[in-house]
Amino acid sequence: MFIDEVVITVKAGNGGDGSAAFRREKFVQFGGPDGGDGGKGGDIIFLADPNINTLIDFKFKKLFKAQNGENGQKKQMYGKKGEDLIIKVPVGTQIRDFNSGKLILDLNEKGEKRTLLKGGRGGYGNVHFKNSVRKTPKIAEKGGEGAEIKVKLELKLLADIALVGYPSVGKSSFINKVSAANSKVGNYHFTTLEPKLGVVRLEEGKSFVIADIPGLIEGAHEGVGLGDKFLRHIERCKLIYHIVDVAEIEGRDCIEDFEKINNELKKFSEKLSNKKQIVIANKMDLVWDMEKFEKFKSYLAEKNIEVFPVSVILNEGLKEVLYRSYELLSKIEREPLEEENDINSVLKELKVHKEDFEITRDENNIIHVGGRIVDDVLAKYVIGMDDESLVNFLHIMRNLGMEEALIDFGVEDGDTVKIADVEFEYFE
């Protein structure tokens with residue numbers, strides 16, 4: 001099954017907490033702090049694997065988490081670093097922020113390895129908080145939280161030439177004949193239900209890749225038929241093969257077919273409609289009125305578009321098309337890729353804005369203190385439940401302006417104040 005678009009959530013590992021331990025050794029009555037640092041959380045890394053050609057592996061698994069770092073230990077032992085999570089995707093996969101649609105990573109090279117999210121930093125142990133005043137700190141730093149983001153993976157096949165045209169004009173037969181691809185062939189519409197890549201090898205050192213896109217029909221850009229689902233796969237190609245049934249065996253007019261398909265390309269993307277085209281006039285062996293072909297040829301000449309009469313089934317005219325294509329490809333530069341957005345900027349936009357202090361009073365007359373500063377402190381320090389740790393925590397909060405915020409709110413002596421799980425009585 002060909003899956004070219006999925007939505008997943010990825011989360012980097014959290015950093016391990018620092019340790020607030022003390023030396024406990026025989027004959028050492030007053031051991032100093034010796035808590036080790038926490039380990040860094042694992043990163044989220046994407047790898048462009050040339051052996052994968054679909055996003056089907058992501059159809060049932062939607063959450064990908066890197067390993068958390070381990071907590072620090074006594075005797076200044078560092079916590080173990082969390083393992084990175086390497087996510088393999090097909091070459092040509094774009095990773096976008098699900099909410100804004102902004103491009104974050106574009107993996108278009110074989111073996112390309114890119115880090116999307118970095119794991120949280122490990123927290124410092126209490127040895128880092130010792131100074132001339134605080135000789136036995138019972139506070140340690142909490143490990144940094146690993147970033148989390150919902151992303152959309154979009155696969156865009158990286159082909160040199162895209163094969164377009166109405167259903168049943170011979171596209172699958174053409175790609176099977178000139179390459180190692182094996183597209184299903186039949187005399188009914190929409191035989192090809194998914195894109196196919198074929199490698200054309202002319203001679204030593206001369207080759208290129210063709211993408212066979214399911215048949216387009218009028219209205220494809222709006223979801224009619226199969227075309228809208230796969231049109232994005234040809235946005236990166238250098239050249240377009242436009243195959244037309246010049247025998248008109250299904251009763252359609254070849255000039256109308258050509259115009260309608262180009263109209264669909266233009267409605268989907270102006271960039272697509274401006275790409276260089278080679279028209280392949282197929283089924284020449286079935287043409288009984290050469291005047292129709294000459295009319296079609298003159299029509300294309302006015303538009304300065306090259307046309308090659310071929311019969312895929314008889315293998316006639318194919319060699320000329322392929323060598324001319326290789327000549328053109330060597331002169332056409334691939335269009336520059338869409339500019340990536342910095343992941344830190346994207347993550348910053350996703351954060352919900354909070355006030356420095358958000359203070360409320362509940363039905364039991366308890367004052368609850370929250371907000372950005374509280375979150376930052378709780379995310380930074382490991383707060384023990386002993387008296388000294390709690391005093392240190394409240395001292396930090398006071399220095400950051402909590403007391404002024406409480407006074408502005410209307411706190412009075414004897415009021416019960418609660419911050420997270422810490423509850424105390426307020427006295428000025």
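Structure: above.
Residues numbered from 1 in each chain as written. Predicted model: local features only at pLDDT ≥ 70, side-chain atom pairs only at ≥ 80, totals over all residues. Heavy atoms only, no water.

What follows covers the side chain of Glu112. Here Glu112 shows up in the loop between strand 6 (103-107) and strand 7 (113-117). Setting aside anything within four residues of it in sequence, one finds Glu112 in contact with Phe46, Leu47, Ala48, Asp106 and Leu107. (Helix = DSSP H or I, 4+ residues; strand = E, 2+ residues; numbered from the N terminus. Contact = heavy atoms within 4.5 Å.)

Here we have four strands laid out as an open sheet, ordered 16-17-19-20, and mixed in their pairing. Each end of this open sheet is capped by a strand with a single partner; those strands are strand 16 (358-361) and strand 20 (422-425). Put simply, the sheet's adjacent strands are angled 20° from each other on average, direction ignored. Pairing of strand 16 with strand 17 (residues 367-370) involves four bridges; the strand directions are antiparallel. Residue Glu358 lies in a different strand from strand 17, and its bridge partner there is Gly370. The strands touched by helix 10 (residues 402-409) within the sheet are strand 16, strand 17, strand 19 (416-419) and strand 20, with strand 16 carrying the most contacts at an inclination of about 45°. (Pairing = 2+ DSSP bridges. Axes fitted to C-alpha atoms, helices over the stretch in contact; angles between N-to-C directions.)

Take unusual backbone geometry next. Look at Asn304: it is not a glycine, yet its phi comes out positive at around 60°. Structurally, Asn304 can be placed in the loop between helix 5 (290-302) and strand 15 (306-309). For Asn304, a relative accessible area of 68% gives the class exposed. (Buried < 20%, exposed > 50% of the residue type's maximum accessible area, 1.4 Å probe, protein only.)

A few words on the sheet that holds strand 14 (residues 276-282). The strand order across the open sheet formed by six strands is 11-12-10-13-14-15, and the pairing between neighbours is mixed. Each edge of the open sheet carries a strand with a single partner, namely strand 11 (196-203) and strand 15. Across the sheet, the mean angle separating the axes of adjacent strands is 25° when strand polarity is ignored. As paired elements, strand 10 (residues 161-164) and strand 12 (residues 206-212) share three bridges and run parallel to each other. Among the inter-strand pairings, Leu163 is bridged to a residue of strand 12, identified as Asp212. Contacting strand 10, strand 11, strand 12, strand 13 (239-245) and strand 14, helix 1 (residues 171-178) crosses the sheet at an angle of about 155° to strand 12.

Counting residues in hydrophobic clusters, the biggest one holds 36 residues, and the most contacted among them are Phe174, Phe208, Ile210, Ile234, Tyr241, Ile280 and Leu322. Counting only elements with at least two residues in this core, the list comes to strand 10, helix 1, strand 11, strand 12, strand 13, helix 3 (254-268), strand 14 and helix 6 (318-329). Broken down by element, this core gets its largest block of residues, five residues, from helix 6. Membership of the second largest hydrophobic core comes to 28 residues, among which are Ile44, Ile87, Leu116 and Ile343. (Core = buried A, V, L, I, M, F, W, Y, C linked by side-chain atoms within 4.5 Å.)

Attention shifts here to the pairing of strand 19. Here strand 19 shows one buried face, formed by Val417 and Ile419, and one open face, formed by Thr416 and Lys418. Where strand 19 lies against strand 20, four bridges are found, and the strand directions are antiparallel. Residue pairing across strands places Thr416 opposite Glu425, the latter belonging to strand 20. Here strand 19 hands over to strand 20 after two residues, with Ala420 in that stretch at a positive phi of 55°.

Its 13 residues place the ends of helix 5 19 Å apart at the C-alpha level, agreeing with the 18 Å of an ideal helix rising 1.5 Å per residue. The set of residues buried in helix 5 consists of Phe293, Phe296, Tyr299 and Leu300. Projected onto a plane normal to the axis of helix 5, the buried residues spread over an arc of 120° and lie on a single side. Among the exposed residues of helix 5, those oriented more than 90 degrees off its buried face are Glu291, Lys295, Ala301 and Glu302. (Expected span 1.5 Å × (residues − 1). Arc of directions from axis to C-beta.)

What follows deals with helix 7 (residues 343-350). For an α-helix the count is 3.6 residues per turn, leaving residues at separations of three or four pointing the same way. Among all positions of helix 7, only Ile343, Val346 and Leu347 are buried. Taken around the axis of helix 7, the buried residues stretch over an arc of 95°, which confines them to a single face. In helix 7, the exposed positions that point more than 90 degrees away from the buried face belong to Asn344, Lys348 and Glu349. The elements touched by buried residues of helix 7 are strand 5 (93-97), strand 6, strand 7 and strand 9 (148-155).

For the rest of this paragraph, the subject is the pattern of salt bridges. Summed over the entire model, instances satisfying the criterion amount to 18 salt bridges. The salt bridge partner of Glu154 is Arg96, with a shortest N-O separation of 3.4 Å. One end of the pair, Glu154, is in strand 9; the other, Arg96, is in strand 5, and 58 residues separate them in sequence. An identical accessibility class is assigned to Glu154 and Arg96; each is buried. Through salt bridges with shared partners, a single network forms among Lys276, Glu306, Arg324, Glu327 and Lys331. (Salt bridge = Lys/Arg side-chain N within 4 Å of Asp/Glu carboxyl O.)

Direction vectors running N to C along helix 3 and helix 5 enclose 35°, while the axes themselves pass 10 Å from each other. Contact with helix 3, carried on its side by Cys254, Ile255, Phe258 and Glu259, involves Lys295, Phe296, Tyr299 and Leu300 of helix 5 and no other residues of that element. For the contact of helix 3 with helix 5, the per-class residue count stands at six nonpolar, no polar and two charged. (Nonpolar A, V, L, I, M, F, W, Y, C, P; charged D, E, K, R; others polar.)

Secondary-structure assignment places Asn282 in strand 14. In this structure the side chain of Asn282 is engaged in a polar contact, spanning 2.9 Å, whose partner is the backbone oxygen of Val169. Setting aside anything within four residues of it in sequence, one finds Asn282 in contact with Val169, Gly170, Ile243, Val244, Asp245, Val246, Ala247, Val310, Ser311 and Val312. (Polar contact = N/O pair within 3.5 Å; in protein donor to acceptor, adjacent residues only side chain to side chain.)

This paragraph deals with the pairing of strand 12. Relative to strand 12, strand 11 runs antiparallel, the two being bridged by seven bridges. Of the residues in strand 12, the one forming a bridge with Val200 is Phe208. Connecting strand 11 to the next strand, strand 12, in antiparallel fashion are two residues, including Gly205 with a positive phi near 85°.

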